[in-house]
Amino acid sequence: MEYTGPWADRVENTALPDTIAKLVRRALEHGVRPQLIRRPGRRTRPAHQGVRVIVAHSSGPEPWLASGIVAGPDDLDMDALMAGVVPESCILEDEPVFLVCTHAKRNACCARIGRPIARSLAEIWPDRVWETSHVGGDLYAANLVCLPHGLYYGSMSQAAALAAANAYRSGEVCLDRYRGRAGIPEPLQAAEHFARIHSGELSVGGVAVESSRLAGNATEAIVRCGDVLFQVVVEPAVLQAPCGTACAETITTYRLVSLDALARVRYVTPVPA
C-alpha cells in the first residue's frame, strides 16, 4: 500500500490514513502480509485519488502480480487474494516489481544502505521499484524482494542488486546473496538453496521441495532440481550480527548436514487407448 508519510517501527503502529489503516487490519486478519511502499526519493503525495495497492501471490506453480487504485478498504477482496484469485479491483501485470527495505525505524542500516540501492534501481526501472517497510532479516541489510515470486536477497550492494534484478527479469535466480523464497518454511528454503548450489540450477521454477520431515533437530527434504531428486538434510545454526552493537541480535540460519542424489525423475507420457 502506497504511503509517503513516516513509518513507525511496525506497519500496524504507524499513524495511517483511515483507509490504509483498515486495509492493514483486514490484511492481518486474513493472513495477508501488509507492506507500506513509496517511490525512491519521493515524499510528495500521490496525484491519484484513493490508495495504490500492489498484490502478489507467491505460492503455487504460477505466481502472479496485480495492482490497482482502491477507494476504500472493502474494495480489495482479501478472501480472493488468499484463494490465489486476482481481486476484481486489480489488474494483472506482466512486469516484475522490486522492493527494497528502507525502514529506518526498524533498523538504521536498512535506510542507510537500502535507499541508495532503491534509487539506483529506480533509475533503470522507474515504475517497477519501490522502497518498502520491514521485510525481515534486518541483519542482512540491504534487502531486496523480487515479486511476484517473493525471492529474497540480502547484504546487497548496488552491483549485486542490479545483477539479481536482471537475473529475475530473465527468469533466473542469482545465487550470490540469495536468501530464499517467501511462503516456504525456512529449513526448506535452506534445503532448496543448497540444492541449487550443488546442481547449478538457476531457473526460478526449476527447483521445488517435493516432501520433508523432521528428524530431531534436523529437517530432511526431497528436493527436485530439473529431473534429478536430492535428499537434503539441514539443521539450525546461529549467525552473529555482522555490524556489532548497532545490530546486537543474532539470527537463525541453517547449515548443510548432507546432500545426496537419489534418482532422475521419469516423466511417463500416457499412451492413447
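This text goes with the structure placed above it.
Position numbers for residues start from 1 in each chain and track the written sequence from start to end. Reporting of local features is limited, given that this is a predicted model, to residues whose pLDDT is at least 70; pairs of side-chain atoms are given and counted only at 80 or more, and all residues count toward the totals for whole chains, interfaces and linings. For the side-chain quantities, the full set of heavy atoms in the structure was used; hydrogens and water were omitted.

Draft legend 1. View of the sheet that holds strand S3 (residues 64-70). Spatially, S2-S3-S4 is the arrangement adopted by the 3 strands of the open sheet, whose pairing is antiparallel. Of all the strands in the sheet, just strand S2 (51-57) and strand S4 (91-93) have a single pairing partner and so form its edges. Each adjacent strand pair in this sheet contributes to an overall mean axis angle of 30 degrees, direction not counted. Pairing analysis gives 7 bridges linking S2 to S3, with the strands arranged antiparallel. Bridging from a neighbouring strand, His57 pairs with Trp64 of S3. Two strands make a pair as long as DSSP finds a minimum of two bridges between them. Comment: elements are numbered from the N terminus, with helices defined as DSSP H or I runs of at least four residues and strands as E runs of at least two. Helix axes are fitted to C-alpha atoms over the stretch in contact, other axes to C-alpha atoms as well, and angles between N-to-C directions run from 0 to 180 degrees.

Draft legend 2. Broad picture of the pairing of strand S7 (residues 144-147). Taking every second residue as pointing to the same face, both faces of S7 are buried, with Leu144 and Cys146 on one and Val145 and Leu147 on the other. Here strand S5 (residues 97-101) runs beside S7; their pairing, made up of 4 bridges, is antiparallel. In the strand pairing of S7, Val97 is matched with Leu147. Of the pairings in the sheet, the one linking S7 to strand S8 (residues 151-153) comprises 3 bridges and is antiparallel in character. Type-normalised accessible area, obtained with a 1.4 Å probe on protein chains alone, sets the label of each residue: buried when under 20%, exposed when over 50%, and partly exposed for intermediate values.

Draft legend 3. A look at the side chain of Arg181. If you trace the backbone, Arg181 turns up in strand S9 (residues 178-181). Positive residues here are Lys and Arg, negative ones are Asp and Glu, while His and the chain termini are left out of the count. Should a side-chain nitrogen of Lys or Arg be within 4 Å of a carboxyl oxygen of Asp or Glu, the pair is scored as a salt bridge. It is Glu192 that comes nearest to the buried, bridge-free Arg181 among opposite-charge side chains, at 6.0 Å. Within polar-contact distance, the side chain of Arg181 engages the backbone oxygen of Ser58 at 2.7 Å. The residues touching Arg181, leaving out its near neighbours within four places in the chain, are Ser58, Gly60, Pro63, His149, Gly150, Leu151, Gln189 and Val204. Definition of a polar contact: a pair of N or O atoms within 3.5 Å, with one able to donate and the other able to accept a hydrogen when the atoms are protein atoms, and with sequence-neighbouring residues admitted only if both atoms are side-chain atoms. What makes two residues a contact is simply this: any of their non-hydrogen atoms within 4.5 Å.

Draft legend 4. Representation of the environment of Thr19 in the model. Within the element layout of this structure, Thr19 appears in helix H1 (residues 18-30). Between the alpha carbons of Thr19 and Val51 there is a distance of 7.8 Å; along the sequence they are 32 residues apart. Dropping the residues within four chain positions of it, Thr19 is found in contact with Val51, Ala71, Gly72 and Pro73.

Draft legend 5. Molecular detail of the sheet that holds S9. The mixed open sheet is built from 6 strands, whose spatial order is S1-S6-S5-S7-S8-S9. At either end of the open sheet lies a strand with only one pairing partner, and these are strand S1 (37-38) and S9. Where S5 lies against strand S6 (residues 129-132), 4 bridges are found, and the strand directions are parallel. Residue pairing across strands places Phe98 opposite Val129, the latter belonging to S6. Sheet contacts for helix H3 (residues 108-124): S1, S5, S6 and S7; angle to S5, the most-contacted strand, approximately 155 degrees.

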